[in-house]
Amino acid sequence: MPDTQVRQTVEVGYGGNERLMMNMGPQHPSSHGVFRMILTLEGETVVGVDAVIGYLHRCHEKLGETLTYVQYPSIASKTDYVAAMTSELAYVSAVEKVAKIDVPRRAQYLRVVAAELQRIASHCLWLGTWCLDMGGALGGGATVFLYCIRERELVLDRLEELTGARLLYGFHQVGGTRYDIPAGWDVKVRETVDFIERRIDEYEAMLGANAFFLARTQGVGVISRELAQAVGVSGPLIRGSGVNYDVRRAEPYSSYGDFDFVVPVETAGDCYARYRVRMVEFRQSIRIVRQALEGLPEGPISSRPGVKSVGQVRVPKGEGYARVEGARGEVGCYLVSDGGPKPYRMKWRGASFSNLAVLPHIVPGHKVADVVAIMGSVDPVFGEVDR
Amino acid sequence: MTLPPVAQHALEAFVVLNAVILMVTYVTLLERKFAARMQSRIGPYYVGRPHGWLQPIADALKLMIKEDIVPAAADRGVYNLAPVVFLVPCMLIFATIPFAPALGVADLGIGVLFFLAVSSLEIVGLFMGGWGSNNKYALLSAMRAVNQIISYDLPFVFAALVPVVLAGSLQMSVIVAAQQGLWFAFYPVIGQLAFLAYLVATLAAENRVPFDILEAESELVAGFRVEYSGMKFALIQLGEYAHMLGTSFLGALLFLGGWLGPGPAWLGPLWFLGKALLVFLVVTWVRWSFVRIRVDQILAISWKLLLPATLVLLLATGLVVATRGAGGV
């Protein structure tokens, strides 16, 4: 869709004589970080939106050229800091692809466990902040938010036991993982996911049949199948618009082919469809975690020796693109190597960035209150948008 | 010793005013504790251990010593006056509430009418605040406020009139006396429905979630009071909670039999307070369980559902009373 068309305002049959320009962000309670929307209002209705990004730009791709293959994975986690495991995984997968390094099966399974636990934690935060957007810090939204944070905390505890860190892990390294699981960890993880599965039932009981929640989400922010494909959204957004696309299924990596799971697809394309998709993903992630822990093979956790120097990994000349299914969609990393210890060029494909591009197409015509509901259902993380 | 009537009324008003302010202060603590339990938290704890008994005082003190900021572009007069204009009607509603037989500032013959009329005046202060701040968020909030309060005052009034028709009087003490046998909240069908409608309209009239679109901090930051700080903010908060408490008291008076209850007569005010807090907690319970709905949906609920329903209810009440023969007492 051409850019000029996006900037056009929609016609809402407004009887007044003055349009109101309103800045939502960069500092705003529901901007999910630092994001600025310049809204054009006719009364309560948004007729045009201009999205301004870049407030959190940290030159990540340039940084990637100055740090070695050993150093960068722990920085990669800072792109999408809510789902750090998957962005690390995308980077090391790209390096492994270019250098043709094999990953032991045990390490592949551990990566899957970490990635799926991360997806659960990320979706917990999504549900909480989304309800906070719709329900307010002084209302039922805050209640859901605190419930979700409570469950996310359990997952973070498990990840802390695994890696020593709670948010940015440095778990992956080229050729495998940095840490093996501590004794008794798998039992704890099983207990945690069992517990969270029961709690997800509670969330669905609280939200699924709630007339106010349905009124706020159904039919709001509809992304048609064509629009989703034209803009290039991915993850829960495109699955909520009726496209059965999941990188884990379309192009299995890290032995995802071994596991039995369902890719949820909803056809409505509205906020509620995206909610449904993510709620099923919660359960499917739990299923995958259980299967991976069940079938965890013995063996080494890395095909390469432990890290002794920062220039240890050298990648032959070449280039490659690796993609993984992050919590927000397809996270890709494109790498060009000139044979040295650092990449010659590195490029991120952030899921949030591509998903956010759909906002100007779907927001106009909605009320101000819907803007935050749509934003929350897109679930952007601005570390990943601006990088 | 007998005081001249003017002095006596002044004294009564002084006592009631301070009692209301004290109650409002501690109602905030009650709400915070209640919300905390709902959210599996503890809530205020450290200021005044155990359980934060001094937290409301600390909050009030903090707000008092905060810097008072007036935006450069604000309409100074309107901006400064708004908190007072907002607070006065919210406090005035307590003038007509009797806390027990003959315990109150004034048990007017038109008590309910006075209450309803004064309580809807708060919108003036609210709109002044939103307009005077010269802020787009505040202005949007003020426009929403006018929409919402006009829409919900009518169902609120109609629901409150059902007990009035049943009792045949606008005087609060008479309405309570008429509930001697049966509280109006339990009056078959019409009373029960009216109580429900009253609770819904109360939520909207007090701008609580799911109807808190004026405040809507995730959209409008803090709505009409986004530019207020320090003492002015405290006055607006005080007014809001006073209004909420006032409508809770009115609900207890109209539907839950006021000070009626088992035990000796001196327990009456305590019964009354307990019932008012019950109404308050029901409203709070709803507030902390639902997400906010949109402005157009709120208006649709009022004009398409609540208003016709309460109107029919009021007519039905009239029919019941007419067929019952004697109106009320």
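Here is what the cut-offs are and how they apply
For every chain, the first residue of the written sequence is number 1, and numbering continues from 1 onward in sequence order. Whichever chain is written first is A, and whichever ligand is written first is 1; the rest continue in order. Note on the predicted model: pLDDT of at least 70 is required for a residue's local features to be given, and 80 or more for side-chain atom pairs to be given and counted; whole-chain, interface and lining totals, by contrast, use all residues. Side-chain metrics in this entry use all non-hydrogen atoms of the structure; hydrogen atoms and water are not considered. Helix numbering and strand numbering both begin at the N terminus, where a helix is a DSSP run of H or I of at least 4 residues and a strand a DSSP run of E of at least 2. Residues adjacent in sequence count toward polar contacts only when both atoms are side-chain atoms; beyond that, a polar contact is any pair of N or O atoms within 3.5 Å, and within protein one must be able to donate a hydrogen and the other to accept it. Here an angle of 0 to 180 degrees is reported between the N-to-C directions of two axes, which are lines fitted to C-alpha atoms, with helices fitted over the stretch in contact. Each angle is binned into one of four classes, with values under 35 degrees roughly parallel, values over 145 roughly antiparallel, values of 65 to 115 roughly perpendicular, and all other values oblique. For any pair of crossing helices, the crossing counts as left-handed if the nearer helix is rotated counterclockwise from the farther one by less than a right angle, and right-handed if it is rotated clockwise. Note on contacts: a residue pair is in contact if any heavy atoms of the two residues lie within 4.5 Å. Each residue gets one label: Ala, Val, Leu, Ile, Met, Phe, Trp, Tyr, Cys and Pro are nonpolar, Asp, Glu, Lys and Arg are charged, and the others, such as Gly, are polar. In this description, strands pair whenever DSSP reports at least two bridges between them. Definition used for salt bridges: Asp or Glu carboxyl oxygen within 4 Å of a side-chain nitrogen of Lys or Arg. Residues with no salt bridge and a relative accessible area higher than 30% make up the patches, which join like charges within 9 Å and nonpolar side chains (Val, Leu, Ile, Met, Phe, Trp, Tyr) within 5 Å. With residues, only the protein chains shown are counted as cover, and all accessible areas are computed by Shrake-Rupley using a 1.4 Å probe. We define a nonpolar core as any set of buried Ala, Val, Leu, Ile, Met, Phe, Trp, Tyr and Cys residues linked to one another through side-chain atoms lying within 4.5 Å. Throughout this description, buried means an accessible area under 20% of the type-specific maximum (1.4 Å probe, protein chains only), exposed means over 50%, and partly exposed covers the range between. Boundaries between domains were set according to an automatic or database domain assignment. Only rings of Phe, Tyr and Trp enter the pairing, Trp through its six-membered ring, and a pair is recorded when the two centres are within 6.5 Å. The plane angle decides the type: under 30 degrees is stacked, over 60 is edge-to-face, the rest tilted.

**Student:** I tried to follow the side chain of Thr25 of chain B on my own but got confused; where do I start?
**Tutor:** Within the secondary structure layout, Thr25 of chain B lies in helix H1 (residues 5-38). Polar contacts involving the side chain of Thr25 of chain B include one to the main-chain carbonyl oxygen of Ile21 of chain B, which spans 2.4 Å.

**Student:** Would you mind showing me how to read the packing of helix H6 (residues 140-163) of chain A against helix H7 (residues 185-207) of chain A here?
**Tutor:** Axes are the key here: two packed helices are described by the angle between their axes and the distance separating the axes. Residue and element names in this part refer to chain A. At their nearest, the axes of H6 and H7 sit 11 Å apart, and the two run at 165° to each other. Here H6 lies roughly antiparallel to H7, going by the angle between them. Crossing angle aside, the handedness with which H6 passes H7 is left-handed. The segment H6 lies against H7, with Thr143, Val144, Tyr147, Cys148, Arg150, Glu151, Leu154, Val155, Arg158, Glu161 and Leu162 engaging Trp185, Lys188, Val189, Thr192, Phe195, Ile196, Arg199, Tyr203, Met206 and Leu207. Classifying every residue of the contact of H6 with H7 gives 13 nonpolar, 2 polar and 6 charged.

**Student:** Looking at this model, I keep getting lost on the sheet that holds strand S1 (residues 20-24) of chain A. Mind explaining?
**Tutor:** By way of backbone hydrogen bonds, the strands of a sheet pair with one another, either parallel or antiparallel. Residue and element names in this part refer to chain A. Reading across the sheet, the 3 strands line up as S1-S2-S3 and stay open at both edges, with antiparallel pairing between neighbours. Looking along the sheet, the strands with just one partner apiece sit at the ends: S1 and strand S3 (45-52). Neighbour-to-neighbour, the strand axes of this sheet turn through a mean angle of 25°, independent of strand direction. One ladder, built from 7 bridges, connects strand S2 (residues 36-42) with S3; its direction is antiparallel. From the neighbouring strand, Glu42 faces S3, where its bridge partner is Thr45.

**Student:** What should I look at first to understand the interface of chain A and chain B in this one?
**Tutor:** Buried accessible area, meaning the area lost when the parts come together, often serves as the stated size of an interface. With 40 residues of chain A at the contact, the number on the chain B side is 27 residues. With its nearest N and O atoms 2.9 Å apart, the salt bridge here joins Asp370 of chain A to Arg294 of chain B. There are 11 residue pairs in polar contact (both at pLDDT 80 or more) connecting chain A and chain B. Broken down by secondary-structure element, the contributors of at least two residues to the side of chain A that touches chain B are S1, helix H5 (105-135), H6, helix H8 (211-217) and helix H15 (368-378) of chain A. Here the element with the most residues in the side of chain A that touches chain B is H6 of chain A; it accounts for 7 residues. Residue classes in the side of chain A that touches chain B are distributed as 22 nonpolar, 12 polar and 6 charged.

**Student:** Looking at this model, I keep getting lost on a nonpolar patch on the surface. Mind explaining?
**Tutor:** All names here are of chain B. On the surface, Tyr46, Val47, Trp53, Leu54, Ile57, Leu61, Met64, Ile65 and Met231 cluster together into a nonpolar patch covering about 960 Å² of accessible area. It is helix H2 (residues 55-65) that contributes the most residues to the nonpolar patch, 4 residues altogether. Among the structural elements, Met64 can be located in helix H2.

**Student:** What is the right way to look at unusual backbone geometry in this model?
**Tutor:** Peptide bonds are, in most cases, trans, and in most cases residues other than glycine have a negative phi. Residue Pro50 of chain B is bonded to the preceding Arg49 of chain B through a cis peptide linkage, with omega at -15°. Its location among the elements puts Pro50 of chain B in the loop between H1 and H2. Residues other than glycine seldom take positive phi values, yet Lys100 of chain A does so here, at roughly 55°. As for its placement among the helices and strands, Lys100 of chain A is situated in the loop between helix H4 (84-99) and H5. At Asn134 of chain B, a position not held by glycine, the phi torsion is positive, near 55°.

**Student:** In this structure, what is going on with the nonpolar core? I would like to understand it.
**Tutor:** The tendency in soluble globular proteins is for nonpolar side chains to be buried as a group. With 197 residues, the main nonpolar core has Tyr91, Leu117 and Leu127 of chain A together with Phe94 of chain B as its most contacted residues. Top contributing element to this core by residue count: H5 of chain A, with 15 residues. For this core, the two domains that each supply at least three residues are domain 1 (3-52) and domain 2 (60-386) of chain A. In contact with Leu127 of chain A, not counting residues within four places along its chain, are Val144, Cys148, Tyr203, Leu207, Tyr275 and Met279 of chain A.

**Student:** I tried to follow the environment of Gly376 of chain A on my own but got confused; where do I start?
**Tutor:** All names here are of chain A. Along the chain, Gly376 turns up in helix H15. Residues Gly376 and Ser30, spaced 346 residues apart in sequence, show a C-alpha to C-alpha distance of 8.2 Å. Not counting residues within four places of it along the chain, the set of residues in contact with Gly376 comprises His32, Trp126, Trp130 and Asp133.

**Student:** Would you take a moment to explain the packing of aromatic side chains for this structure?
**Tutor:** Aromatic ring pairs are reported here in terms of the distance separating the ring centres and the angle at which the planes meet. Residue and element names in this part refer to chain B. Going through the model one piece at a time under the given rule, you end up with 23 aromatic pairs over all chains. With a centroid separation of 6.2 Å and an interplanar angle of 50°, the aromatic rings of Phe86 and Phe224 are classed as tilted. Of this pair, Phe86 sits in helix H3 (residues 76-92) while Phe224 sits in the loop between helix H9 (217-220) and helix H10 (230-255), and the two are 138 residues apart along the sequence. Comparing Phe86 with Phe224 shows no difference in burial state: the two are buried. Aromatic pair Phe195 and Phe255: ring centres 5.2 Å apart, planes at 50°, arrangement tilted. Highlighted residues: Phe195 in helix H8 (residues 190-205) and Phe255 in helix H10, separated in sequence by 60 residues. The pair Phe195 / Phe255 is uniform in exposure class, with both members buried.

**Student:** Please clarify how the sheet that holds strand S8 (residues 343-349) of chain A should be interpreted in this entry.
**Tutor:** All names here are of chain A. Reading across the sheet, the 3 strands line up as S6-S7-S8 and stay open at both edges, with antiparallel pairing between neighbours. Every interior strand has two partners, whereas the edge strands, strand S6 (318-325) and S8, have only one. Strand after strand, the sheet turns through a mean of 15° between neighbouring axes, direction not considered. As judged from the 6 bridges shared by strand S7 (residues 330-337) and S8, these two strands associate in the antiparallel manner. Considered in S8, the bridge of Leu335 is made with Met346.

What is shown is where atoms sit, not what they do.
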